[in-house]
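Chain by chain, the residues:
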Amino acid sequence: MKIAIIGAGNLGMAIAKGLITTDAITSLYLTKRTIGKINTFEDHKDVILTSNNEEAVKNSDILIFAVQPRHFEAILHEIQPILTDKHVLISTITGYSIAKIEAIVGQDQFVIRAMPNTAIAVGKSMTCICSNEMGKKRIKIAEAIFNRLGNSMAIPETQMQAATVVCASGIAFWMRLIRATTQAAIQLGFDAKEAQELAMHTSEGAASLLIASGNHPEQEIDKVTTPRGCTIEGLNEMEHKGLSSSLIQGMVSSFQKINSIKTEQL
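Residues numbered from 1 in each chain as written. Predicted model: local features only at pLDDT ≥ 70, side-chain atom pairs only at ≥ 80, totals over all residues. Heavy atoms only, no water.

Which parts of the structure should I look at to understand the side chain of T92?
By secondary structure assignment, the location of T92 is in the loop between β5 (88–91) and α4 (98–105). The class for T92 is buried, based on a relative accessible area of 6%. Within polar-contact distance, the side chain of T92 engages the backbone oxygen of F65 at 2.6 Å. Not counting chain neighbours up to four residues away, the residues in contact with T92 comprise L11, I15, I64, F65, A66, A114, M115 and P116. (Helix = DSSP H or I, 4+ residues; strand = E, 2+ residues; numbered from the N terminus. Buried < 20%, exposed > 50% of the residue type's maximum accessible area, 1.4 Å probe, protein only. Polar contact = N/O pair within 3.5 Å; in protein donor to acceptor, adjacent residues only side chain to side chain. Contact = heavy atoms within 4.5 Å.)

Explanation requested: the packing of aromatic side chains in the structure shown.
Note on aromatic pairs: each is described by the distance of the centres and the angle between the planes. Overall, the coordinates contain two aromatic pairs when judged by the stated rule. A centroid spacing of 5.3 Å and a plane angle of 55° characterise the contact between F65 and F72, whose relative ring orientation is tilted. What makes F72 buried here is its relative accessible area of 1%. Taken together, F65, F72 and Y96 form an aromatic cluster joined through their ring pairs. (Phe/Tyr/Trp six-rings, centres within 6.5 Å; stacked < 30°, edge-to-face > 60°.)

Would you explain helix α7 (residues 192–213) in this entry?
Since one α-helical turn is 3.6 residues long, residues separated by three or four positions face the same way. Its 22 residues give α7 an end-to-end C-alpha distance of 32 Å, which sits within 8% of 32 Å, the value for a rise of 1.5 Å per residue. Among the residues of α7, the N-terminal cap falls to D191, whose side-chain oxygen and the backbone nitrogen of K193 are separated by 3.2 Å. At the exit of α7 stands G214, carrying a positive phi of roughly 75°. (Expected span 1.5 Å × (residues − 1).)

Would you mind going over the packing of helix α3 (residues 69–79) against α4 with me for this structure?
Between two packed helices, the angle of one axis relative to the other and the distance separating the axes together describe the packing. The N-to-C vectors of α3 and α4 enclose an angle of 30°; their axes lie 9 Å apart at closest approach. The two elements α3 and α4 meet at a crossing, and its hand is right-handed. In this structure, α3 contributes F72, E73, L76 and H77 to the contact, and α4 contributes I101, I104 and V105. Within the contact of α3 with α4, the residues separate by chemical class into five nonpolar, one polar and one charged. (Axes fitted to C-alpha atoms, helices over the stretch in contact; angles between N-to-C directions. Left-handed = near helix turned anticlockwise from the far one by under 90°. Nonpolar A, V, L, I, M, F, W, Y, C, P; charged D, E, K, R; others polar.)

Looking at this structure, I do not really get the pairing of strand β2 (residues 27–31). What am I missing?
Two faces belong to every sheet, and in a regular strand the side chains alternate between them. Among the five residues in β2, five count as buried, and that is most of the element. The side-chain alternation of β2 yields two buried faces, one formed by S27, Y29 and T31 and the other by L28 and L30. Two elements, strand β1 (residues 2–6) and β2, share five bridges in a ladder whose sense is parallel. When the sheet's bridge partners are listed, I6 is paired in β2 with T31. The pairing of β2 with strand β3 (residues 47–50) spans four bridges and is parallel. Of the residues in β3, the one forming a bridge with Y29 is I48. (Pairing = 2+ DSSP bridges.)

I keep staring at the sheet that holds β1 and nothing clicks. Help me out?
Through backbone hydrogen bonds, the strands of a sheet pair up, either in parallel or in antiparallel fashion. If you trace the eight strands from one edge of the open sheet to the other, you get β3-β2-β1-β4-β5-β6-β7-β8, paired in mixed fashion. Unpaired on one side and paired on the other, β3 and β8 (150–154) mark the two borders of the sheet. Direction aside, the axes of adjacent strands within the sheet are offset by 20° on average. As judged from the four bridges shared by strand β6 (residues 110–115) and strand β7 (residues 125–131), these two strands associate in the antiparallel manner. Bridge assignment links A114 to a residue of β7, and that residue is I129. Most of the contacts of helix α1 (residues 10–21) go to β1, to which it runs at about 160°, and overall it touches β1, β2, β3 and β4 (62–65). Those strands touched by α3 are β1, β4 and β5, and its axis lies near 160° from that of β4.

Pasting the structure below:
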């Protein structure tokens, strides 16, 4: 695939790493105003670094936009005259609707919105995807890309704000939980390196159990809780202190914030 990532910031670079690692490219253009900041990619075969968005667009079929929201509209206006019927536009821009993209590039373009997370760099992203009417003809291409970089799910655009909180912001929420587990392990006597290793792999194991079994979390919890045991003692103390309610409230707060950002952009 001939792919261009317009805006090689943190997310753009994570996507690039995933595409390179999984050998998903015929050519990969990475654009950034200061290409010196992405020169770690310059030795990769078939990767071209440029500050010229038009060059990247002309030489690519799939355009993945990972720029800051305030720059997106200007970039769309810049490249609109050179878009052809071969181009598939995939936007990862938070809160920027398909209708706003179509208003600039036209309804006859293949437009897809994707909400990956930074775990895409290691092929473990949960990416939600939606599209315009034309984009439905190319959504399998987007799914093929993001399934090589983790898992994808097609959803209505009305759920994209919530998907941003659950999947994209969710990486930060899970990092904080892993950090807290690490801190507890240190307090219990492990050194910092050991503590983080225990926390990371236990977290990975918990998710892998659910993915492999398809079970509800409570089914797996029941397997490790015994009457008057240490596990149920710890779980109940966490719930008394508001673990579940704090996480839910935090995610709802994040959702409200993202909706306010969208309102400000209208």
